[in-house]
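Structural overview
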Amino acid sequence: MHEQFMRECFQLAEKGRGYVSPNPLVGAVLVEEGRCVARGFHKRFGGVHAEVHCLRNYTGDLSNAVLYVNLEPCSHHGKTPPCTDLLIQRGVRKVVIAMKDPNPLVTGKGITQLRRAGIHVTVGVLEKEARHLNRFFVKHIANSLPYVLLKIAQTADGFIGRKNGSLEYITSPESRRLVHKWRSEYDAVLVGAGTIQADNPRLTVRLWTGRDPAAVILDGKFRLTGRERVFASARHRRVYFCVSKQAMKARPSMAKYFKSIGVNLIALAGRNGDLNLKSVLYELSARQIGSILVEGGSNVFSSFIRQRYVDELSVFCSPVVFGNGIPRFSEADRSNAMLREMILSSGFSARKSGTDILFTGTIA
Ligand code: AOF
Ligand code: ZN
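Rules behind the numbers
Residues numbered from 1 in each chain as written. Chains lettered and ligands numbered in written order. Predicted model: local features only at pLDDT ≥ 70, side-chain atom pairs only at ≥ 80, totals over all residues. Heavy atoms only, no water. Near = heavy atom within 4 Å. Polar contact = N/O pair within 3.5 Å; in protein donor to acceptor, adjacent residues only side chain to side chain. Areas by Shrake-Rupley, 256 points an atom, 1.4 Å probe, with all protein chains shown as cover. 1 Å grid on protein atoms, 1.4 Å probe; cavity = no way out; pocket = protein on both sides within 12 Å on 5 of 7 lines; lining within 4 Å. Sits in = over half its atoms within 2 Å of the grid points. Nonpolar A, V, L, I, M, F, W, Y, C, P; charged D, E, K, R; others polar. Pairing = 2+ DSSP bridges. Helix = DSSP H or I, 4+ residues; strand = E, 2+ residues; numbered from the N terminus. Expected span 1.5 Å × (residues − 1). Buried < 20%, exposed > 50% of the residue type's maximum accessible area, 1.4 Å probe, protein only. Arc of directions from axis to C-beta. Contact = heavy atoms within 4.5 Å. Axes fitted to C-alpha atoms, helices over the stretch in contact; angles between N-to-C directions. Domains from an automatic or database assignment. Buried area = accessible area lost by both parts, 1.4 Å probe. Salt bridge = Lys/Arg side-chain N within 4 Å of Asp/Glu carboxyl O.

Attention shifts here to the site of ligand 1. Around ligand 1, the surrounding shell holds 17 residues, and the nearest of these are His-49, Ala-50, Glu-51, Lys-79 and Asp-101. The separation between an oxygen atom of ligand 1 and a polar main-chain atom of Cys-74 is 3.2 Å. Here ligand 1, which alone exposes 510 Å², has 96% of that area covered by the protein. Comparing atom positions with the cavity grids shows ligand 1 to sit within the second largest pocket. Considered class by class, the residues forming the shell around ligand 1 number six nonpolar, seven polar and four charged.

So, about the pairing of strand E5 (residues 120-123). Inspection of the sheet shows strand E4 (residues 94-99) paired to E5 by four bridges, in the parallel sense. When the sheet's bridge partners are listed, Val-96 is paired in E5 with Thr-122.

Relative to the 20 Å expected for 14 residues at 1.5 Å per residue, helix H14 (residues 332-345) spans 20 Å between its end C-alpha atoms, a close match to the ideal helical length. Those residues of H14 lying buried are Ser-335, Met-338, Leu-339 and Met-342. The buried residues of H14 occupy one face: seen down the axis, they fall within an arc of 105 degrees. Among the exposed residues of H14, those oriented more than 90 degrees off its buried face are Asp-333, Arg-340 and Leu-344. Summarising the contacts, the buried residues of H14 are in contact with helix H13 (298-306), strand E15 (312-317) and strand E17 (347-353).

On to the sheet that holds strand E14 (residues 291-294). Pairing in this open sheet of nine strands is mixed, and the strands run E11-E10-E9-E8-E14-E6-E15-E18-E17 from one edge to the other. The sheet is open, and its two edges are formed by strand E11 (264-268) and E17, each paired on a single side. Between one strand axis and the next, the sheet turns through 20 degrees on average, direction left out of account. In this sheet, E14 lies alongside strand E8 (residues 188-192) in parallel orientation, the contact comprising three bridges. Pairing of Val-189 across the sheet is with Leu-293, part of E14. Strands in contact with H13 are strand E6 (147-154), E8 and E14; relative to E6, the strand with the most contacts, it is inclined by about 135 degrees.

So, about the environment of Phe-159. Position of Phe-159 relative to the elements: it lies in strand E7 (residues 159-161). Look at Phe-159 and you get buried, because its relative accessible area is 14%. Look past the residues within four positions of Phe-159 in its chain and what remains in contact with it is Ala-153, Gln-154, Ile-170, Phe-322, Gly-323, Asn-324, Gly-325, Ile-326 and Pro-327.

Turning to the domain arrangement of the protein, a few remarks are in order. Here the domain parsing of the protein yields domain 1 (2-136) and domain 2 (144-362). Of note, the centres of domain 1 and domain 2, computed from C-alpha atoms alone, are 35 Å apart. Between domain 1 and domain 2, the contact holds seven residues from the first and 11 residues from the second. Taking both sides of the interface into account, the surface hidden between domain 1 and domain 2 amounts to around 820 Å²; carbon and sulfur atoms contribute 56%. Looking only at domain 1, the three residues that lose the most surface to domain 2 are Pro-22, Arg-135 and Phe-136, adding up to 56% of its buried area. Connecting domain 1 to domain 2 are one salt bridge. Inspection of the region where domain 1 meets domain 2 yields four residue pairs in polar contact (both at pLDDT 80 or more). A per-class count over the side of domain 1 that touches domain 2 returns three nonpolar, two polar and two charged.

Shown next, in the form of C-alpha cells:
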C-alpha cells in the first residue's frame with residue numbers, strides 16, 4: 001500500500017520536471033481509508049510546495065488521513081512558509097515520506113517537528129527510487145555542483161563528426177528527439193567553442209515540447225564573434241559565455257558587444273586558454289544551474305572525463321561508419337581508459353534507440 005501511493009507521488013512530482021529546478025521534484029497524495037482523496041505537486045520554482053497544493057484540494061477532517069510525500073516536508077521559511085506548520089495546523093495524524101531532505105536548512109528538522117507534534121512519521125518508503133528521481137537536486141544542494149550528464153553521439157567507429165566540417169546526422173531521429181527531451185529537462189546545455197564553430201547549433205528544444213534550457217559555451221580563448229546562432233537566443237533564455245580572464249582583458253570591445261546582446265559573460269582563471277572546469281561548474285551552480293547536459297565536442301568530453309565531473313553517461317552509437325573524422329575524445333588513450341573503468345565499475349545498460357544503440361549508466 002505504502003509503495004503504491006508513494007509511486008503516485010513520484011508520478012505527480014515528475015510533472016514539475018524542467019520547471020521547479022533547482023528545487024526538488026515533489027508530489028503529495030492524501031489517502032483516506034485506502035483511497036486517494038487529494039493530490040498536489042510542486043509546479044514551479046518559487047511557487048507553493050506539493051503538500052500545500054494537496055491539502056488545499058481537501059477541506060474535510062484529516063484525523064484519519066495519511067499524507068504521502070516523496071520528500072521530507074520543509075521546516076524552514078524559504079520563499080514559502082514551512083510545510084510542517086501547515087500539516088500540524090491542519091491536524092494531519094500520519095505522514096509517510098520517501099527520503100529526508102538533503103537541504104541543510106531542513107534535513108531531519110522537518111521530521112522532528114512533526115514527531116514532536118505527535119504525528120506518526122514513516123521514513124524511507126522507496127527511498128532509492130526517490131533519490132534517483134531527485135538526483136539533480138541531491139547533487140546540487142549537497143555539493144554546490146551541478147549534476148552532469150555527458151551525451152556522446154558517435155559512429156560505430158567512434159567519430160563525432162567529419163574532419164572537413166560537412167554536417168550530417170550521425171544518430172537516428174528517435175535519438176535526436178530524446179536529446180531534445182533531455183534539453184527540456186536539464187537546467188543547461190553545455191558545449192565548447194569548437195562545436196559552435198563547426199555546427200553552429202541553436203541548442204534549443206525543437207523536436208520535443210518544453211522550455212529551452214540555459215546555454216553554456218566554453219571559449220577560454222574567446223574565439224567566437226557573437227554572431228553564431230546560439231547567441232541570438234539570449235533574448236529569451238540565459239546564455240552563459242565562459243572565457244579566460246586573460247582573453248577577456250585582451251578583448252574589451254568584444255566583451256562589451258556580448259553584454260549588449262544580452263549574453264552573460266563569465267571570466268575565469270585558465271591556463272593557455274583552457275578553462276578550469278571546477279570554477280566553471282561552481283560559477284554555474286551559484287547561478288542556480290543544478291543540472292547540465294554536456295553535448296561536446298572532443299575537448300569538452302575529455303576534460304569532463306579526466307576531471308571526473310560526470311554523474312551520468314549516455315553514448316548513442318549509430319551503425320554508420322566514417323572511417324575517419326573527429327574522434328569523440330581529444331585525449332583518446334586516457335579518456336577511453338577512464339571511460340572503460342567507469343563502465344566496468346558502474347551500472348550500465350544498453351537499449352535500442354531508433355537504429356542506434358544507447359548505452360547509459362550512472363557513474364559511481
Ligand atoms: C517540500 N515540498 O514541494 C518542495 C520542498 O525556496 P522555497 O521556499 O521553495 O524552498 C525550497 C526548499 O524547500 C528546497 O531546497 C527543499 O529543501 C524544499 N522543497 N519541500 O516539502 C516541496 N519543493
Ligand atoms: Zn515545503
